[in-house]
Amino acid sequence: MSKKLASGADHIVLDVKVGSGAFMKNAKSALELAKLMVEIGKKANKDVVATLSDMEQPLGNAVGNTLEVIEAIETLKGNGPQDFTNLCKEFVIEILLVCKISSDYNMALNMVENAIKDGSGLNKLKQMIEAQGGNSSVVEDYSLLPLADESIDLTYNEEDDAYVEEINALKIGEAAMILGAGRATKEDVIDMGVGIVLNKKVGDKLSTGDVLATIYTNGKNTEQAISIVLDAYSLTKNKVKPRP
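**Q** Could you clarify how one ought to interpret the overall build of the protein chain in this entry?
**A** Counting its secondary structure elements, the protein chain contains eight helices and nine strands. Its C-alpha radius of gyration of 20 Å places the protein chain within 12% of the 18 Å reference for a compact globule of 244 residues. Relative to all contacts within the protein chain whose residues are 6 or more apart in sequence, the contacts with residues 24 or more apart total 69%. Per element, the accessible surface of the protein chain, about 13,800 Å² overall, is 52% carbon and sulfur. Taken together, the 26 basic and 36 acidic charged side chains of the protein chain have centroids lying 8 Å from each other.

As structure tokens, this is what we get:
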């Protein structure tokens, strides 16, 4: 909170993650943290809102630097994964309400959806990239981004159909890190092109030959990462409701 207050923002929307992939593992402790941060903000005369969001499985489909940037751009184009798109919409609605740009939830939702539909959200991203000396052509040409040399599909090969019951977000994060997408120590060099795309999420049905996930690798710890990703998935023969 000290960092957020020091940045000078008068209106703050906090995303407090809850679950296996988050700092807070259960809703009770996450709620306590959220209330504490809102209270700190209000004592500093800031408008603060906190929401609790699910990290029992990774958000969206992409894990890894280039892969997540592409997913973010696709979301601004209206093609993002449903869970990630919904969360982004909800947070922008909260921002519009806390900043008093909109006084009504449905009006705010309409503004968000129009920004996706008319391309103004995407154009704003281009402006932000250019303002920081970047090449905004990347928004249309993903080949300008570094991507791993090899992609490996992990397929479901059982005869009977199954459903994804659980995806351990922490294990997926560990797998991405050992591929090179994150740092174990501050000396580690991040490989922007590696990562994981989760083609099946909690509640999705699996039939023979379906791709569970795709590993993007430059050859570092590939077999170990594959083993961890497969271990992160829990499957069941019973239908499972998608996580809200």
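**Q** Mind showing me how you'd approach the sheet that holds strand 8 (residues 211–217) here?
**A** Strands in a sheet are paired, the pairing made by backbone hydrogen bonds, and the direction either parallel or antiparallel. Here we have four strands laid out as an open sheet, ordered 3-6-8-4, and antiparallel in their pairing. In this open sheet, the two strands that pair with only one neighbour each are strand 3 (62–63) and strand 4 (150–155). Summarising the sheet, strand 4 and strand 8 pair through six bridges and their orientation is antiparallel. Residue pairing in the sheet places Leu154 in a bridge with Ala213 of strand 8.

**Q** So what exactly am I meant to see when it comes to the environment of Gly60 here?
**A** The topology assignment puts Gly60 in the loop between strand 2 (47–54) and strand 3. Spatially, the C-alpha atoms of Gly60 and Asn79 are 12 Å apart, while their sequence positions differ by 19 residues. Contact partners of Gly60, with chain neighbours within four places excluded, come to Glu71, Pro81, Asp83, Phe84 and Lys201.

**Q** Would you explain unusual backbone geometry in this entry?
**A** Of all residues except glycine, most have a negative phi; of all peptide bonds, most are trans. Even without being glycine, Asn45 reaches a positive phi, approximately 60 degrees. Inspection of the secondary structure puts Asn45 in the loop between helix 2 (27–43) and strand 2. A positive phi angle, close to 60 degrees, is found at Lys100, a residue other than glycine. Along the chain, the position of Lys100 falls in the loop between helix 4 (82–98) and helix 5 (105–117).

**Q** I keep staring at the pattern of salt bridges and nothing clicks. Help me out?
**A** Any two side chains of opposite charge can pair, given that their charged atoms come close. Per the counting criterion, the structure on display carries 14 salt bridges. Note that Lys17 and Asp15 form a salt bridge whose closest N and O atoms lie 3.0 Å from each other. Of the charged contacts, one joins Lys205 and Asp161 as a salt bridge, the two residues approaching to 3.5 Å between their closest N and O atoms. Placement of Lys205 in strand 7 (residues 205–206) and of Asp161 in the loop between strand 4 and strand 5 (162–167) is noted, with a sequence separation of 44 residues between them. You can call Asp161 partly exposed: its relative accessible area is 33%.

**Q** What is the right way to read the packing of helix 7 (residues 169–181) against helix 8 (residues 222–232) from this model?
**A** Axes are the key here: two packed helices are described by the angle between their axes and the distance separating the axes. Across the interface, helix 7 lies against helix 8 with an axial gap of 8 Å and an inter-helix angle of 170 degrees. One element, helix 7, and the other, helix 8, form an angle in the roughly antiparallel class. On helix 8, the residues that touch Lys171, Ile172, Ala175, Ile178 and Leu179 of helix 7 are Thr222, Gln224, Ala225, Ile228, Val229, Asp231 and Ala232. When its residues are assigned to classes, the contact of helix 7 with helix 8 shows eight nonpolar, two polar and two charged.

**Q** When you look at the nonpolar core in this model, what are you seeing that I'm missing?
**A** Note that soluble globular proteins tend to have their nonpolar side chains buried in a common cluster. Judged by nonpolar contacts, the single largest core of 31 residues is most densely connected at Ile172, Ile196, Ile215, Val229 and Tyr233. Those elements that provide at least two residues to this core are strand 3, strand 5, helix 7, strand 6 (195–198), strand 8 and helix 8. It is helix 7 that contributes the most residues to this core, six residues altogether. Core analysis: the second largest hydrophobic core is formed by eleven residues, Ile12, Met24, Ala30 and Met37 among them.

**Q** Looking at this structure, how should I read the side chain of Thr214?
**A** Inspection of the secondary structure puts Thr214 in strand 8. Separated by 2.8 Å, the side chains of Thr214 and Asp153 make a polar contact. When sequence neighbours within four positions are dropped, the list of residues in contact with Thr214 reads Ser151, Ile152, Asp153, Gly195, Ile196, Val197 and Asn199.

Basis of the calculations
Residues numbered from 1 in each chain as written. Predicted model: local features only at pLDDT ≥ 70, side-chain atom pairs only at ≥ 80, totals over all residues. Heavy atoms only, no water. Helix = DSSP H or I, 4+ residues; strand = E, 2+ residues; numbered from the N terminus. Rg over C-alpha atoms; globule rule 2.2 N^0.38 Å. Contact = heavy atoms within 4.5 Å. Areas by Shrake-Rupley, 256 points an atom, 1.4 Å probe, with all protein chains shown as cover. Lys, Arg positive; Asp, Glu negative; His and termini not counted. Charge placed at Lys NZ, Arg CZ, Asp CG, Glu CD. Pairing = 2+ DSSP bridges. Salt bridge = Lys/Arg side-chain N within 4 Å of Asp/Glu carboxyl O. Buried < 20%, exposed > 50% of the residue type's maximum accessible area, 1.4 Å probe, protein only. Axes fitted to C-alpha atoms, helices over the stretch in contact; angles between N-to-C directions. Parallel < 35°, antiparallel > 145°, perpendicular 65-115°, else oblique. Nonpolar A, V, L, I, M, F, W, Y, C, P; charged D, E, K, R; others polar. Core = buried A, V, L, I, M, F, W, Y, C linked by side-chain atoms within 4.5 Å. Polar contact = N/O pair within 3.5 Å; in protein donor to acceptor, adjacent residues only side chain to side chain.

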